[in-house]
Amino acid sequence: MVPFFYSIQMNHWIMDYETLSNCFVAVFKHYKSNVKKIFVVHDLKDDFDDLVRFFESNIKNKEWHISFDGLKFDAQITNYILDNNYKWMIYTGSEIAAEIYEFAQECIKKSKRKEFQKYPEWKLHIKQLDLFKLNHWDNRSKKSSLKWIQFSMDWDNLLESPINHTMHINNNNQINSIIDYCINNVESIEAIYNKSSSHIKLRKSLSKKYNVNLFSSSETKVSKEVFMYYMRSKMGITRYDFKKLRTHRTSIDCKKIILPYIQFKTEQFNSLLTKLKKTKLDPESLKGQFNFSVDYKNVKTKFGLGGVHGAIKGLYESDDNHIIMSSDVTSFYPNLVIRNQWSPEHFPKELFCPQYEWFFDERVKIPKSNPMNYILKLILNVVFGLSNDITSYFYDPELCMRITINGQLTLMMLYERIMEEIPGAISLMQNTDGIEIKIPKQYESKYLEICSDWERITKLSLEHTKYSKLIIGDVNNYIAIEEPRKVNITEWRKVRDSKPHYIFNVKGSEFLYSPIHLKGRYNFYDLDLHKNKSKLIVAKSVYEYFINNTLPEEYIKTNTNILDYCIAENSSNEWAQTKRISVDGKIKDVQLQKTNRYYISKNGCKVVKINKYDGREMQLESGKWKQTIFNKLDIKNNFEDYNVNIKYYIKAIENEINNIINISKKQLTIF
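Residues numbered from 1 in each chain as written. Predicted model: local features only at pLDDT ≥ 70, side-chain atom pairs only at ≥ 80, totals over all residues. Heavy atoms only, no water.

Before going further, it helps to spend a moment on the overall build of the chain. Across its full length, the chain carries 22 helices and 26 strands. Each principal axis of the C-alpha atoms in the chain carries an extent, and together these give about 85 × 70 × 60 Å. Here the chain holds 671 residues, and 52% of them are scored as buried. A separation of at least 24 residues holds for 67% of the contacts in the chain among residues at least 6 apart in sequence. (Helix = DSSP H or I, 4+ residues; strand = E, 2+ residues; numbered from the N terminus. Buried < 20%, exposed > 50% of the residue type's maximum accessible area, 1.4 Å probe, protein only. Contact = heavy atoms within 4.5 Å.)

Read from one edge to the other, the open sheet built from five strands follows the order S3-S2-S1-S4-S5, with strand pairing classed as mixed. Since the sheet does not close on itself, it has two edges, and those belong to strand S3 (36-41) and strand S5 (128-130), each with one partner. For this sheet, the mean angle separating the axes of adjacent strands, direction not counted, is 25°. In the sheet, strand S1 (residues 13-20) pairs with strand S2 (residues 23-30) via eight bridges, with the strands oriented antiparallel. Its bridge partner lying in S2, threonine 19 is registered against phenylalanine 24. (Pairing = 2+ DSSP bridges. Axes fitted to C-alpha atoms, helices over the stretch in contact; angles between N-to-C directions.)

Our focus in this paragraph is the packing of aromatic side chains. Counting across every chain of the model gives 51 aromatic pairs. Ring geometry for tryptophan 625 versus tyrosine 648: centroids 5.2 Å apart, planes at 75°, classification edge-to-face. On the criterion of sequence distance, the pair formed by tryptophan 625 in the loop between strand S25 (617-619) and strand S26 (626-629) and tyrosine 648 in helix H21 (residues 646-661) is long-range, its members being 23 residues apart. In terms of burial, tryptophan 625 and tyrosine 648 fall into one category: buried. (Phe/Tyr/Trp six-rings, centres within 6.5 Å; stacked < 30°, edge-to-face > 60°.)

We now examine the nonpolar core. Counting 85 residues, the largest nonpolar core has Phe227 and Met401 as its most contacted members. Ranked by residue count, the leading element in this core is helix H16 (residues 397-421), at 13 residues. If you look at the next biggest cluster of nonpolar residues, it comprises 83 residues, including Leu129, Tyr193, Tyr522 and Ile653. (Core = buried A, V, L, I, M, F, W, Y, C linked by side-chain atoms within 4.5 Å.)

The next thing to look at is the environment of phenylalanine 215. Structurally, phenylalanine 215 is set in the loop between helix H7 (197-210) and helix H8 (219-235). Classification of phenylalanine 215 as buried rests on a relative accessible area of 7%. For the pair formed by phenylalanine 215 and tyrosine 230, sequence separation is 15 residues and the distance between their alpha carbons is 19 Å.

A separate point is the confidence of the model for the chain. Chain-level statistics for the chain give a pLDDT mean of 92 and a share of 95% at 70 or above. Below pLDDT 50 for its whole length, residues 1-9 participates in 20 contacts with residues either more than four positions away or in separate chains. (pLDDT = per-residue confidence, 0-100.)

What follows covers the packing of helix H1 (residues 48-60) against helix H2 (residues 74-84). It is at 11 Å that the axes of H1 and H2 come closest, and there the two elements cross at 105°. Overall, the two elements H1 and H2 adopt an arrangement that is roughly perpendicular. Contact residues: H1 offers Phe48, Leu51, Val52, Phe55 and Ile59, while H2 offers Thr78, Ile81 and Leu82. For the contact of H1 with H2, the per-class residue count stands at seven nonpolar, one polar and no charged. (Parallel < 35°, antiparallel > 145°, perpendicular 65-115°, else oblique. Nonpolar A, V, L, I, M, F, W, Y, C, P; charged D, E, K, R; others polar.)

In this section: the pairing of S1. Each regular strand shows side chains that alternate between the opposite faces of the sheet. Counted residue by residue, S1 has eight buried out of eight residues, so it is predominantly covered. Of the two faces of S1, the one holding Trp13, Met15, Tyr17 and Thr19 and the one holding Ile14, Asp16, Glu18 and Leu20 are both buried throughout. One ladder, built from two bridges, connects S1 with strand S4 (residues 65-67); its direction is parallel. The partner of isoleucine 14 across the bridge, within S4, is isoleucine 66. Between S1 and the antiparallel strand that follows it, S2, lie two residues.

On to the pattern of salt bridges. Under the counting rule described, the total for this entry stands at 36 salt bridges. The salt bridge partner of aspartate 47 is lysine 45, with a shortest N-O separation of 2.7 Å. Judged by relative accessible area, which is 40%, lysine 45 ranks as partly exposed. Across the salt bridge formed by glutamate 225 and arginine 239, the nearest N and O atoms sit 2.7 Å from each other. Highlighted residues: glutamate 225 in helix H8 and arginine 239 in helix H9 (residues 239-242), separated in sequence by 14 residues. We classify glutamate 225 as buried; its relative accessible area is 10%. In this structure, a network of salt bridges that share partners links the residues Lys265, Arg417, Glu421, Lys446, Glu449, Asp453 and Arg456. (Salt bridge = Lys/Arg side-chain N within 4 Å of Asp/Glu carboxyl O.)

Quick look at the side chain of serine 218 now. Residue placement: serine 218 occurs in the loop between H7 and H8. Discounting chain neighbours no more than four positions away, the residues touching serine 218 are Lys133, Leu134, His136 and Arg203.

The following block contains the structure:
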């Protein structure tokens, strides 16, 4: 029997709560219309009975609540109200609100202590779609508040609660300001919901297929659940027992896990190999222990738990005599596992290896545009990523080191052979699963021959790309332009209309286009919402300078989008942001909210962060630069009316360009 949450319902509600010491506000918006329901629980206005009836209607009609971090907070309060409303029949609105407030504060404390909340998801009376969890914004590397996501979406109003939660509410103006705040939150959550639509559809499909609620699950959790579904059935064990599986190690002897075909010719890499074979690792602290480097051919290559990294910053171009070759290993770490028949020790190899390879084969059949392709990619990658996570049933730290050490060494075998056997080869970059090397054009066939031989030895596959230009800030931040591809006019027009960062050209009867790859801080297009999009004008100007030969001062005149100049600052609880201004000749600090959007202006203020405990101060922008707070968008007809201090942005752009090509400002203007 299919559980109720897989069926299509008439109503679901995007929602947000605000809990104060004597007032509770709940705002709901229908997920497909503009219908809003607003409930206030206070002595001046008491909608508590209506709120309970609304919840009962949600339960009866199997309607869901759509929230931001609702599983830890909003849904807890909903359940608490439904479990206790009968006890509050004789309470005043403010007394009920006070009870809700105390429970809400306990939820917050539990969250900070990383404790389980009172109501697990399976006990909730009203089902939740938690967009915070779905997008994995609870992950340390993606940690994002609703205000931060609002900044990323260029939201009209980065509004934080207008009233401190400890204050007693005593008038309707205060209540209305709280309602406005909740409405702003709900509308931004709706925007996140719309942006997440393809991910929600995928989770709905997978939830139905595997008979488990995955709606609020991150991609990592979804991939783990799918993997468990197949492996558990093969192993014939319960879900409970499967989730307890681990392989614990007391020591990892690197010599025993290095593949027998790993060998080098040069002193530098042989020295590294010897050192690794003598290394024994403590599996409980791998990250701090595995840290090596090699200086070879004027490049310092670093070896760490995540992969190998090395680069020479600069601008590199192909010409009549030289080409830039980029070679990536196809699904590097997964294929290492597949080709070498590796497995976490607690999984039988004869079951794990065929199943793991099946996931790989299935992914090949699915277009990259299909979200399921990405889920299968994650399933393949989590084996490495979670093999060093003691909370995961993939945990086997020896497998983690087997993959990463052999991955790095095999890639360095290829790198060393190319550098040693091709005269004039110049190393540009090595990054986890690939290399970029500039070689004389006459040795292209030799390069491919070396690669083919490496593929034969390792049983891995390489994908080759030629770059016409490579702009490197460092190993994680670069711009790469592929050599032009010849296509017919139909495909050329199709790509031109759908790909914003391609170079298009027509030479006689030939139609050409070149894909452009923007990585790290040079990427300003289609950014993930948790990424910091501050000062996009810098990335766009660097792009224009290196791609279209446009000087920063010329490009900046054409960009009148104020949001490209905006910066966000998010403070932790121990720091307060203040706006420092002069009033009647005296300096005054005006309290700001925790997350602020601003731009550098000619006549603004100084924003200062003050430590609440020891009084330390930090300027958001040191020196002479002033800021204009821009939390509420005020779009002006004339860009000049913003009073943007262009000099600040020109300096930031020039610093970024100089970081790459390391030339003087005078040279920069004539590049």
